[in-house]
Amino acid sequence: MANLEAKGKMSAWQLGIVITSGLLTARLLTATSPFVSCAQQLAWLSSALAGVLFYLAAYLMIRLGQQFPEETIGEYIPSLVGRKFGAIIFLVFIIVLLVNIINCAAALTTLVSIFLLDRTPQEFLVIVLLVAVVYGTVQDWRTILRVIQILFFGLPMLYIFYSLIWLNFDPLNLLPLWPDNFIGILQGVAYHTNYYTGYESLLVLLPLANRGKVSFTRTVGWGFLVITLIYVFGAIVLVGSITAKTIASVEQPVIYGMKSVELPGTFIERLENYMIMFFIPGTYISMVLSYFAIAEGCRKSLKYKDHRTFIPVFLPLIFWVSVFIYDPQRYHVFQNFSMFIAFFFSFVIIPLLLFLVWRKKGRDQQC
Amino acid sequence: MDKPLGFRFHKLSAVQANSSISETCHRLALLQKQVQQSKEIEAAISVAVKDLRKAMAPDGQPFIFTNNIEMNEQLVRSALSRCDDIKYRSFRAGKAKALLVYLSGLTDTSKLEKTVIECLTGKLESNETFGDMNEITDLLITAANVTVVEKPTEVITNILKGNSLLLIDGISDALSIDAAKYEKRQISKSENEDVSKGPHDAFNETLSDNLALVRRRTKDPDLKVEIFEIGSRTQTPVALLYVDDIVKPGLVDEIRNQLLSIDIDKVIIAANIEEFLSNRIWNPFPQALATERPDKIVAGLYEGRISIIIDNSPSALMLPVSLQDFMQSVDDYTERPAVASLTRFSRYVSLFIAVFLPAIYVSIVSYHPGMLPAGLAFSIAELRAKTPFPSLLEAFLMEGLLEIFQEAIVRLPQKLAAAAGVVGALVIGTTVVEAALVNALLVVVIALTGLSTFSMPSYTFGMALRFFRIPALLASSVLGLYGVAIFAIVMIVFLCSLRTYDESYLGDLFDITLIADWKDGVVRLPAKFLTSRPKRLGPKDRTRLGGED
Amino acid sequence: MLSRINKGNVTARVWRIAAAAIGICACLLTTGCWDAKEMQDRNFILVAAIDDADIVKKSESEKQIAQTQTFVQKQGTKEYMLSLQVLKLAKTESKGGVQAEKTFVISNTGKPMFEMVRDMLGQSSKSLYFEQLDAIVISEAAVKKNGLRPIIDFFRRDPEMRSRTKIFITPGEAKAIAKYSPPTGEPGGVYLNGLVRNHKKNIHVGGARTDFGYIIQAMDNDADYAILRLDYVDNVPKLGGLALFKHDILMGYADEYLTRGVKFTYGTEKSAVIAIKCPEHPEQEIVYELFQHDTKLIPHIEGDAIYFTLDITMQGNIGEIDCTVKHDMHDFSFLHSIEQAVAQEVSQNAQDTWKFQQQLGVDIPNTKARFKGRHPFEWKKIKDRWEEIYPTIPLITSVNVNIRGIGEHD
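Residues numbered from 1 in each chain as written. Chains lettered and ligands numbered in written order. Predicted model: local features only at pLDDT ≥ 70, side-chain atom pairs only at ≥ 80, totals over all residues. Heavy atoms only, no water.

(A) Region of interest: the overall build of chain A. Looking only at helices and strands, chain A has 17 helices and zero strands in total. If one aligns the C-alpha atoms of chain A with their principal axes, the spans along those axes are about 70 × 45 × 45 Å. A total of 367 residues make up chain A; the buried ones form 61% of that total. Across chain A, every contact between residues at least 6 apart in sequence was considered, and the portion connecting residues at least 24 apart equals 86%. If the 25 positive side-chain charges of chain A are averaged to one point and the 18 negative ones to another, these points end up 12 Å apart. (Helix = DSSP H or I, 4+ residues; strand = E, 2+ residues; numbered from the N terminus. Buried < 20%, exposed > 50% of the residue type's maximum accessible area, 1.4 Å probe, protein only. Contact = heavy atoms within 4.5 Å. Lys, Arg positive; Asp, Glu negative; His and termini not counted. Charge placed at Lys NZ, Arg CZ, Asp CG, Glu CD.)

Following this line, the structure appears as structure tokens:
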């Protein structure tokens with residue numbers, strides 16, 4: 001049965017695709033306006049810096065995971081920081097992923113509710129989306145991997161539609177190139193937690209990948225590079241066609257940008273509807289990945305047999321919070337909380353853990 | 001006679017004592033009861049006799065053969081009682097009595113005459129005796145295939161297969177002579193899978209003919225054929241074919257075990273076995289490819305698949321199979337690669353249209369008419385202003401009409417089929433629109449959907465797509481394009497979760513580790529590039545073209 | 001609860017499955033469809049026309065405004081009249097050769113547009129659907145009341161609206177334009193939309209940056225913008241000229257000549273026609289047909305002086321020569337003189353337009369953004385005084401005209 005077993009692990013390139021397809025979700029739509037209002041016409045620079053920063057976070061996570069092959073984060077944390085703190089950190093990890101799922105659900109259903117189905121109650125839209133996500137998450141990893149590889153093709157389709165905005169491009173809108181608000185650019189980077197979502201699931205997915213000739217850092221790096229380029233060119237074209245000030249005063253600037261494209265003489269109208277359709281696969285993948293990472297992480301750390309046991313545990317919480325944050329004020333508070341916790345986990349906890357590993361290794365070598 | 005001749009009416013029974021009707025009836029009833037009882041006693045006795053015989057016979061056998069031919073004949077006759085198509089021919093073989101038992105209709109009697117009766121009656125002295133059946137088979141019988149059988153169940157089954165039974169007085173063994181000949185359908189064109197340029201011969205219902213068709217296409221000694229008998233009553237021969245040095249190790253064992261563990265009483269069609277080999281019973285997609293074409297079977301065998309051919313069924317099964325195999329046709333390989341690639345790609349587009357086009361129509365018309373260009377939107381609105389039904393209902397109406405029409409076409413006799421085509425075109429096409437029941441655009445949509453379904457190379461697969469059209473319509477009528485998108489995702493997850501013998505149902509579609517296999521997936525690259533077998537089936541020998549032997 | 005049901009208890013399991021199935025079916029049948037509305041159950045709005053209610057009131061034949069066109073409200077006044085052109089779906093028979101009308105108009109008066117629209121549902125048998133809105137026509141009187149912003153805010157905010165809806169300013173009555181039924185038989189809104197599509201060949205019509213999306217963008221960026229002017233006289237609509245806006249207030253009109261200058265500055269037309277006097281026969285005209293056009297408008301600073309340079313390069317053909325005397329087209333000096341004459345004409349046009357805008361205080365070529373983009377540091381110093389500086393900035397033009405062809409038949 002040698003052949004059948006070899007398929008159990010995914011290759012490094014598949015890991016790259018998995019992480020890449022989880023990055024681009026509908027969350028970025030609501031975050032574009034605040035970030036462009038900070039960074040103005042240099043939004044692209046903000047996106048580029050954010051890409052480098054979040055790749056650094058992913059890189060640290062991969063290095064951490066490589067210290068403990070075959071183990072997920074829930075399993076090796078107690079050995080680093082003790083059981084109590086380990087449980088707290090694992091809980092933070094789960095919260096980060098839950099926050100991702102909730103934000104994705106809220107962003108996607110808000111988008112659908114405004115542009116496609118304005119009288120349908122949003123609770124219903126959330127329920128339908130969660131049913132589909134749960135159906136995806138209860139499958140085993142090989143199925144989910146295949147689903148991701150299929151839905152990954154939504155990404156180029158999305159970009160093909162989005163690139164039509166170039167038709168309205170006016171280079172004047174990108175000037176002046178000299179940044180006079182460095183603080184604004186850096187503030188814009190903070191909003192990019194909505195742009196690079198779901199890579200935290202690496203900590204659970206690394207043991208599922210086969211170590212081959214290609215290193216994970218390289219494949220994930222390529223993925224981040226592609227996504228960062230998409231965002232950089234996206235920022236350039238968006239600001240170039242509808243100006244930074246317009247973006248700052250519009251709720252969903254990317255959709256607004258699509259609305260401004262008219263292709264007379266073709267069959268295609270209302271391009272924003274097509275674009276919303278192509279956001280759904282990316283958001284779905286990110287939600288399934290995060291949910292699977294939670295379930296699998298819990299399963300491995302609590303030594304259960306089946307990850308499906310943990311799926312109903314978080315479902316009511318996800319639904320309730322997704323519906324709760326429809327109020328603009330609550331949404332704002334929740335966004336701040338999401339950004340804070342994502343940064344805290346990626347840039348405080350992970351480096352700390354790496355430091356502890358390095359110190360432990362140093363001590364072990366001395367012994 | 002001293003009574004006067006007067007006219008008086010009396011009962012006959014007053015004159016003759018035993019002619020009372022009531023008594024006659026009573027006696028008749030008794031007689032009937034006794035006949036009934038005697039029948040029951042006969043049945044009980046035959047059961048008792050069977051049991052008695054069983055007590056002597058080994059386990060699982062109804063009786064045991066003795067040295068006495070009359071006793072043997074009696075035993076065989078009682079096992080095959082009331083089967084009037086079984087013929088018994090007794091003759092003398094030397095000194096001993098001999099009996100030939102055969103099923104007329106399935107036996108070649110002229111062959112029996114030549115190879116058995118003539119040999120045994122003509123050439124022997126009248127006082128010759130035999131000690132052993134082997135003497136007869138080695139020296140006298142000229143038939144090509146003879147088997148000495150001891151077990152009576154085998155004997156009975158052999159007779160029912162068309163082989164004949166030879167019993168010799170004094171020998172307790174029986175001889176089974178292969179002389180089966182029966183009426184069968186000639187090798188003809190495939191009914192459902194004919195192609196424009198490939199070979200036209202198709203499987204018929206005879207297992208030996210089908211195996212011959214496969215063997216003719218390859219002279220490879222590594223092509224193994226294992227024959228089992230499945231079905232406790234029908235004992236249908238089922239052949240398992242595979243190429244030993246190509247197929248994935250372990251796959252053959254698994255399938256063989258599953259076949260042998262099938263415990264049903266009858267196997268009449270290939271689908272009886274196919275259902276036992278699928279692991280998800282409610283899944284509408286077929287998990288084994290049923291084909292009537294030997295070239296498809298041979299091509300599959302050489303990719304590392306396993307084939308199962310069932311007697312009395314023109315459909316042979318091929319496992320494991322993926323969605324791409326249902327989307328392939330022999331025409332892809334007989335046409336030029338560039339043209340074939342385009343055709344194949346268009347088939348995938350048809351797949352999408354067949355499932356989603358009515359759903360997209362309903363969602364755009366009811367939920368998002370802004371997505372249509374202005375002129376089209378106005379003209380469609382004008383068309384729809386005249387028709388009474390909401391879009392979901394009229395989509396269901398047309399869908400229902402299409403399904404009824406499809407079923408009617410299949411059942412109609414040949415002579416009426418042409419007329420039915422005209423009626424269908426008129427009814428579904430023109431008249432429904434003129435009666436202002438549905439609008440013309442919907443007719444176009446439904447016609448396109450129907451055509452896309454029919455363009456699927458595999459009929460079963462097309463039926464599975466029909467199954468998914470309805471939920472797609474419901475999803476779109478509830479939530480518009482969002483519903484369609486969510487349904488599409490759920491359908492993709494469902495397809496990805498299907499697995500046959502640990503092979504994903506989607507094959508190498510969208511799996512980048514199997515990127516080497518994409519050359520023969522959605523497109524068909526020229527044969528020069530198809531140098532290796534598909535990686536996903538895990539074949540042991542991957543080189544196909546060039547390379548070492 | 002799941003484990004408590006005995007496996008052998010088939011009846012209970014069957015009931016559970018049946019209940020779940022009924023529940024799901026009930027959900028499907030009773031839910032969904034909040035948004036399902038058949039296409040023929042929507043009233044497509046093609047043109048939204050906004051007038052000043054006072055003027056319309058005076059011109060209506062009735063003494064007072066019809067009751068159907070007003071409603072009782074506690075807040076707000078009856079300042080605007082909103083007329084919506086609705087598409088007729090049922091085909092009406094044409095009587096006696098007269099083209100059947102494809103649209104009809106419903107009106108209402110009030111101030112918030114949204115309130116008027118919702119009240120108009122009382123006049124409409126189907127819901128009003130704005131996704132196919134082709135044109136917004138606003139009368140000059142309506143704009144002069146409170147500026148442009150209150151009028152278009154509803155159209156800005158609603159997600160159903162399209163970004164590329166055309167917007168027009170008309171000196172007369174907008175409702176009359178909404179009632180217009182073109183002789184081509186198409187609906188009025190589609191016709192108006194189509195009128196703008198020829199802007200690339202008609203140099204008197206500005207169409208490149210004048211639709212709804214661009215107006216809103218200019219508003220967000222606090223820039224000045226121009227809106228197309230639509231005249232409607234004797235039942236014939238004609239596009240020509242621009243209405244110039246600053247801070248949402250109508251400052252004035254640019255006529256066809258000045259519109260031409262604006263287009264030369266922007267370089268947006270694909271094919272234009274420039275008529276000049278023949279160099280040798282000043283009473284005759286020669287027409288130059290432009291087919292390629294590159295423009296650069298660049299700010300410069302020298303010391304304390306700010307000036308803009310406009311470099312125009314044109315490629316074109318000789319379109320028409322009206323001289324009675326035949327000219328030799330192989331006389332390159334003559335062609336050169338035509339080129340010079342065209343260049344002079346264009347340069348003069350650009351200068352006149354520049355001066356006109358400076359006088360009006362309107363900055364259509366968006367010199368502010370150009371200056372800020374090129375010289376951000378200097379901009380910081382002078383941004384508070386831009387309104388004073390702008391009227392003093394000179395424009396230095398340099399036009400280069402090439403004649404590529406002389407037509408098929410000389």
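(B) Fine view of the interface of chain B and chain A. Chain B puts 38 residues into the contact, and the matching count from chain A is 40 residues. Of all residues in chain B, B:Met371, B:Tyr482 and B:Phe510 give up the largest surface area on contact with chain A, accounting jointly for 21% of the area buried on that side. Summed over the shared surface of chain B and chain A, the result is one salt bridge. Of the charged contacts, one joins A:Asp140 and B:Arg499 as a salt bridge, the two residues approaching to 3.2 Å between their closest N and O atoms. Counting every contact that joins chain B to chain A gives three residue pairs in polar contact (both at pLDDT 80 or more). Listing elements by their share of the side of chain B that touches chain A, those giving two or more residues are helix H18 (459–497) and strand E12 (503–504) of chain B. The element best represented in the side of chain B that touches chain A is H18(B), accounting for 13 residues. In terms of residue class, the side of chain B that touches chain A is made up of 22 nonpolar, eight polar and eight charged. (Buried area = accessible area lost by both parts, 1.4 Å probe. Salt bridge = Lys/Arg side-chain N within 4 Å of Asp/Glu carboxyl O. Polar contact = N/O pair within 3.5 Å; in protein donor to acceptor, adjacent residues only side chain to side chain. Nonpolar A, V, L, I, M, F, W, Y, C, P; charged D, E, K, R; others polar.)

(C) Broad picture of the domain arrangement of chain B. According to the domain assignment, chain B contains domain 1 (69–177), domain 2 (207–321) and domain 3 (335–504). Using only C-alpha atoms to locate each centre, domain 1 of chain B and domain 3 of chain B end up separated by 63 Å. (Domains from an automatic or database assignment.)

(D) Looking closely at the pattern of salt bridges. Under the defined criterion, the tally for this structure stands at 38 salt bridges over all chains. Between B:Asp295 and B:Arg293 there is a salt bridge, with its nearest N and O atoms 2.9 Å apart. A residue is classified by how much of its surface remains accessible, and B:Asp295, at 15% relative accessible area, is buried. Assessed through its relative accessible area of 1%, B:Arg293 is described here as buried. For the salt bridge of C:Arg229 with C:Asp231, the shortest nitrogen-to-oxygen distance reads 3.1 Å. Judged by its relative accessible area of 23%, C:Asp231 falls in the partly exposed class. The structure contains a network of salt bridges with shared partners spanning A:Arg270, A:Glu272 and C:Glu131.

(E) Fine view of the pairing of strand E10 (residues 316–319) of chain B. All names here are of chain B. Side chains of E10 alternate between two faces, with Ala316 and Met318 and Leu317 and Leu319 buried alike. The pairing of strand E9 (residues 306–310) with E10 spans four bridges and is classified as antiparallel. Bridge pairing in E10 links Ile306 to Leu319. What sits between the antiparallel neighbours E9 and E10 is a turn of five residues, in which Asn312 has the positive phi angle 70°. (Pairing = 2+ DSSP bridges.)

(F) Quick peek at the packing of aromatic side chains. All names here are of chain A. The full count for this structure, using the stated rule, is 49 aromatic pairs over all chains. A centroid spacing of 6.0 Å and a plane angle of 65° characterise the contact between Phe54 and Tyr199, whose relative ring orientation is edge-to-face. Of the two residues, Phe54 is situated in helix H4 (residues 43–67) and Tyr199 in the loop between helix H10 (182–191) and helix H11 (202–205); the sequence distance between them amounts to 145 residues. Summarising the burial analysis for this pair, Phe54 and Tyr199 share the class buried. Both rings, one in Tyr196 and one in Phe224, keep their centres 6.0 Å apart while their planes meet at 10°; by these two values the pair is stacked. With Tyr196 in the loop between H10 and H11 and Phe224 in helix H12 (residues 216–242), this pair connects stretches of sequence that are 28 residues apart. (Phe/Tyr/Trp six-rings, centres within 6.5 Å; stacked < 30°, edge-to-face > 60°.)

(G) Structural context of a positive patch on the surface. A cluster of like positive charges, contributed by A:Lys245, C:Lys372, C:Lys380 and C:Lys383, occupies part of the molecular surface. Tracing the sequence through the fold places C:Lys383 in the loop between helix H12 (376–382) and helix H13 (386–389). (Patch = residues over 30% accessible without salt bridge, like charges linked within 9 Å, V, L, I, M, F, W, Y side chains within 5 Å. Areas by Shrake-Rupley, 256 points an atom, 1.4 Å probe, with all protein chains shown as cover.)

(H) Just the sheet that holds strand E4 (residues 164–168) of chain B, in detail. Residue and element names in this part refer to chain B. Spatial strand order, E1-E2-E4-E5-E3: five strands in an open sheet with antiparallel pairing. For this open sheet the edge positions go to strand E1 (86–93) and strand E3 (146–149), each flanked by a neighbour on one side alone. Averaged over all pairs of adjacent strands, the angle between their axes in this sheet comes to 25°, without regard to strand direction. Seen against the sheet, helix H3 (residues 69–79) touches E1, strand E2 (96–103) and E4 and runs at an angle of roughly 15° to E2. (Axes fitted to C-alpha atoms, helices over the stretch in contact; angles between N-to-C directions.)

(I) Representation of the interface of chain B and chain C within the structure. Contacts between chain B and chain C engage 19 residues on the former and 23 residues on the latter. Of the roughly 1800 Å² buried between chain B and chain C, counting both surfaces, carbon and sulfur atoms make up 60%. Across the chain B-chain C interface, the total number found is two salt bridges. Connecting chain B to chain C are eleven residue pairs in polar contact (both at pLDDT 80 or more). Mapped by element, the contributors of at least two residues to the side of chain B that touches chain C are helix H13 (337–366), helix H14 (374–385) and H18 of chain B. Counting residues per element, the side of chain B that touches chain C draws most heavily on H14(B), at eight residues. Considering only residue class, the side of chain B that touches chain C consists of twelve nonpolar, five polar and two charged.

(J) Up close: the environment of C:Asn400. All names here are of chain C. Mapping Asn400 onto the fold places it in strand E13 (residues 395–405). Asn400 gets classed as partly exposed once you look at its relative accessible area, which sits at 41%. Distance in space between the C-alpha atoms of Asn400 and Thr313 is 4.8 Å, their sequence separation being 87 residues. Other than its neighbours up to four places away in sequence, Asn400 contacts Ile312, Thr313 and Met314.

(K) Highlighting the environment of A:Ser290. All names here are of chain A. Summarising the element assignment, Ser290 is placed in helix H15 (residues 271–302). The class of Ser290 is buried, set by a relative accessible area of 0%. Sequence spacing of Ser290 and Lys300 is ten residues, and the spatial spacing of their C-alpha atoms is 15 Å. Once residues within four sequence positions are removed from consideration, Ser290 is found in contact with Leu97, Asn100, Ile101 and Gly198.

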